Amino acid sequence: MRFPQISRSLRQLSTDLLAIALGVLLTVSTLQVLPSQADPAPTVTTGDTSNLIAQRQSPASAAIGSTSFVTAAVNRVGSAVVRIDTERTITRRVDPFLEDPFFRRFFGEGFSQQVPSEQLRGLGSGFIIDKSGLVLTNAHVVDKADKVTVRLKDGRTFEGKVQGIDEVTDLAVVKINAGNDLPVAPLGSSNNVQVGDWAIAVGNPLGFDNTVTLGIISTLKRSSAQVGISDKRLDFIQTDAAINPGNSGGPLLNGLGEVIGINTAIRPDAMGIGFAIPIDKAKAIATQLQRDGKVAHPYLGVQMLTLTPDLAKQNNTDPNSPIQIPEINGVFVMRVVPNSPAASAGIRRGDVILQVDGKAITSAEQLQNVVEDSRLGQILQVKVQRGNQTQQLSVRTAELQNAS
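Cut-off values and rules
Residues numbered from 1 in each chain as written. Predicted model: local features only at pLDDT ≥ 70, side-chain atom pairs only at ≥ 80, totals over all residues. Heavy atoms only, no water. Helix = DSSP H or I, 4+ residues; strand = E, 2+ residues; numbered from the N terminus. Contact = heavy atoms within 4.5 Å. Buried < 20%, exposed > 50% of the residue type's maximum accessible area, 1.4 Å probe, protein only. Pairing = 2+ DSSP bridges. Axes fitted to C-alpha atoms, helices over the stretch in contact; angles between N-to-C directions. Salt bridge = Lys/Arg side-chain N within 4 Å of Asp/Glu carboxyl O.

Draft legend 1. How the structure looks around the side chain of Asn263. Relative to the helices and strands, Asn263 is located in strand S12 (residues 259-266). Ignoring anything within four residues of it in the chain, the contact list for Asn263 reads Asn138, Ala201, Val202, Ile243, Asn247, Ser248, Gly249, Gly250, Pro251, Leu252, Phe275 and Ala276.

Draft legend 2. Quick peek at the environment of Val331. Relative to the helices and strands, Val331 resides in strand S16 (residues 330-336). Look at Val331 and you get buried, because its relative accessible area is 0%. Through-space distance from the C-alpha of Val331 to that of Leu354 is 6.8 Å; in sequence the pair is 23 residues apart. The residues contacting Val331, other than those within four sequence positions of it, are Met304, Leu305, Leu307, Asp351, Val352, Ile353, Ile361, Ser363, Ala364 and Leu367.

Draft legend 3. The arrangement of the sheet that holds strand S2 (residues 117-130) in detail. The sheet built from 7 strands is open, its strands ordered S5-S4-S1-S2-S3-S7-S6 with antiparallel pairing. Pairing within the sheet leaves two strands with one partner each, and these edge strands are strand S5 (157-159) and strand S6 (161-166). Neighbour-to-neighbour, the strand axes of the sheet open up by a mean angle of 30 degrees, direction not taken into account. By the bridge criterion, 3 bridges tie strand S4 (residues 147-151) to S5 in an arrangement that is antiparallel. The residue bridging Thr149 from the neighbouring strand is Glu159, located in S5. On top of the sheet, helix H9 (residues 279-292) reaches S2, strand S3 (134-137), S6 and strand S7 (171-175); it is set at about 55 degrees to S7, its chief contact.

Draft legend 4. Up close: the pattern of salt bridges. Tallying each qualifying case throughout the model produces 10 salt bridges. Between Lys283 and Asp280 there is a salt bridge whose closest N-O contact spans 3.7 Å. Placement of the pair is Lys283 and Asp280 together in helix H9, with a separation of 3 residues, close to one helical turn. Accessibility expressed as a relative area gives 23% for Asp280, which makes it partly exposed. When the shortest N-O distance is used, the salt bridge between Arg386 and Asp351 registers 2.8 Å. With a gap of 35 residues between them, Arg386 in strand S19 (residues 379-386) and Asp351 in the loop between helix H11 (341-345) and strand S17 (352-356) connect regions that are remote in the sequence. Both residues of the pair, Arg386 and Asp351, count as buried. Overlapping salt bridges bring together Arg83, Asp85, Arg151 and Asp209 as one network.

Draft legend 5. Quick peek at the pairing of strand S13 (residues 274-278). Across the 5 residues that make up S13, a large majority, 5, are buried. One ladder, built from 3 bridges, connects strand S10 (residues 235-239) with S13; its direction is antiparallel. In the sheet register, Ile237 faces S13, and the bridge partner there is Ala276.

In structure tokens form, the structure reads like this:
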């Protein structure tokens, strides 16, 4: 009775053994085929582990590489970035009480002659633009300095001579005598910059030498009036790369390591907002500063405000407003500087400038750019609205003597 059961068990065992044998056979054949379909493994010799290291890199590491684009950009320009230290001696005003004859008789003549003075020190950045030792920086870094010291990245220091300053664009050129084989920062073009591009700021913020910060271009053509620097004539590059005191005059780089701007301004009330002078503007100014030591800027002599119909309406509906303003687009004249070209031409406070040489003017920044691009002594035909009437006035530009 039990023999059929044993027979069935033997048949089942035979079947299982056959399946196992087939599986082993297939595995062996697969192992023999796979190596022929793949490249042979590299042979590593003693003392050469480069291939082994390369094999152990992840795909992400291989794609990124050993250095980032920021490192490459900074290495390209870093040796041309300099630190600028300045010294300035100021003399404090003598108290009139010390000049009193009675005081001098009591304390002696020599006491009142001891004029108090103070030594002021400043710090900024710059970068070399010519192998002969020309350094570009901000005007406010070296303005009125009695002594300028330029320190290179390799530790060498040189006395700097200010060749020219332009307060209107906040640019200055400093010359150092350090031979004719200095590293030079590669200059790019700010006209090619777009919002969202990488921005790399290099300089010496707060005295921390050779500091690099990374961000993007936040916006372009941010006017100096919008930034709150009314005595400048600039359209800034705005960036969120950290710019702190001491960064002034240092380069703002693109992702290729080319200088696209000069870090120049920060707002104390801003969080992560900095501004830079476009390098194309700086190139033109630097050439004039090297040649003439200064830059002549034409001006009209008006304080102005961009006027819109809404802004004029708000003024006109205010019962305490001292003046009614035409509800139009233009530039409202808030003040006319005495003895200025505008005053000589008959422009008055309350006028609205509508056109210059037949071109419509709709903002203060636009008017400022038109005047800046004109020639000294050029006659501009200015159309203004005064009350309900329009007038055509001829204004001859003159040289701006004091930016403030």
